[in-house]
Amino acid sequence: MRPRGPWSAPAVTPPRRVEGPSPQINTREPIIQEPEQSESEATRRDADVTESSRANRGWWDRNADDYQTEHGTFLGDDRFVWGPEGLDEVEAELLGPPEDLKGKDVLEIGAGAAQCSRWLAAQGARPVALDLSHRQLQHALRIGGPVPLVEADAGALPFADGSFDLACSAYGALPFVADPVRVLREVRRVLRPGGRFVFSVTHPVRWAFPDEPGPEGLSVSASYFDRTPYVEQDDEGRAVYVEHHRTVGDRVRDVVAGGFRLLDIVEPEWPAWNTQEWGGWSPLRGNLIPGTAIFVCRRD
């Protein structure tokens, strides 16, 4: 199984950011392709918080160029797309009506090249784009735009309490962390009372199916209830990519344990206009089983 999200400008000072230097990134650096990596072995085994963070930071740094080259057209430079189905925040309004975003401080977690943050900025919001991957943020600089960029782990957000009105994450961070409650509590901490956090992840039911877009991906091949992480490791057994499975019930309990009230779970249907395949997502599978789950949460 290899869903591999996320869907992961001159830097200015973010709102109420804790003291510390902004990442120094060469804005003139062109896209380069990293050297090919040795073949990794896929397995299922435990992977703790530290190993998962280290592995996924390295994976996204190595693969950011290919990711943006392959999916950049679909994502656009300033669209807010919640998942491979193509559900756009313009129509979904999961963060609220676009006109209500003006003047709001918004944190995007697992921002990648900050496409969602650019859309938010165009609505008059004040977004901050955060990502674990240095290389993904270099792509954000390459595209440009007035969005502050922060390189940090979602489990240790470098912001003061109550810094933001809203937070969002489109396939960022949550599928890849060993301790999602830790992330959720951090997000709650930096939100103001009444703030909303909306995040999308691979739909948990997909864990039971092969990560294939064709007919071979329509037969159950694993237990939905097996939470053992999916790990790709090198010849020495070091993890180079980690993804963590949570059932729907696990996600709901995580949201509550993180201090949020769950308002809605959105399962986007596959639209007729979308004919692309993206990893295991495809029109064939998308018309039969859900591929994405979006959790809409409120900090009371």
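Before reading further, recall that the structure is shown in the block above.
The sections below set out a description of the structure shown in this document. (Residues numbered from 1 in each chain as written. Predicted model: local features only at pLDDT ≥ 70, side-chain atom pairs only at ≥ 80, totals over all residues. Heavy atoms only, no water.)

Attention now goes to the pairing of strand β3 (residues 126-131). Of all six residues in β3, five are buried, a share of seventy percent or more. Direction of pairing for strand β2 (residues 105-109) relative to β3: parallel, over a ladder of five bridges. Looking at the pairing, E108 lines up with A129 of β3. In this fold, the crossover linking β2 to β3 by way of helix α3 (residues 115-122) has right-handed handedness. (Buried < 20%, exposed > 50% of the residue type's maximum accessible area, 1.4 Å probe, protein only. Helix = DSSP H or I, 4+ residues; strand = E, 2+ residues; numbered from the N terminus. Pairing = 2+ DSSP bridges. Right-handed = clockwise from strand over helix to strand, strands pointing away.)

Before going further, it helps to examine the sheet that holds strand β4 (residues 149-151). Pairing is mixed across the open sheet formed by seven strands, whose spatial order is β4-β3-β2-β5-β6-β10-β9. Edge strands, defined here as strands with exactly one partner in the open sheet, are β4 and β9 (261-266). Between one strand axis and the next, the sheet turns through 20 degrees on average, direction left out of account. Here strand β6 (residues 191-202) pairs with strand β10 (residues 292-298) via seven bridges, running antiparallel. Residue F199 lies in a different strand from β10, and its bridge partner there is F295. Packed onto the sheet, α3 meets β2, β3 and β5 (164-170) and runs at close to 175 degrees relative to β3. (Axes fitted to C-alpha atoms, helices over the stretch in contact; angles between N-to-C directions. Contact = heavy atoms within 4.5 Å.)

Ranked by size, the top nonpolar core spans 27 residues in total, and within it L107, F159, V187, F197 and F199 carry the most contacts. Counting residues per element, the ones that place at least two in this core are β2, β3, β5, α5 (180-190), β6 and β10. If we ignore the near neighbours within four places in the chain, the residues touching F197 are I109, A167, C168, S169, L174, L184, V187, L191, F260, F295, V296 and C297. Counting residues in each nonpolar core, the second largest holds 18 residues, with L94, L101, A125 and I294 among its members. (Core = buried A, V, L, I, M, F, W, Y, C linked by side-chain atoms within 4.5 Å.)

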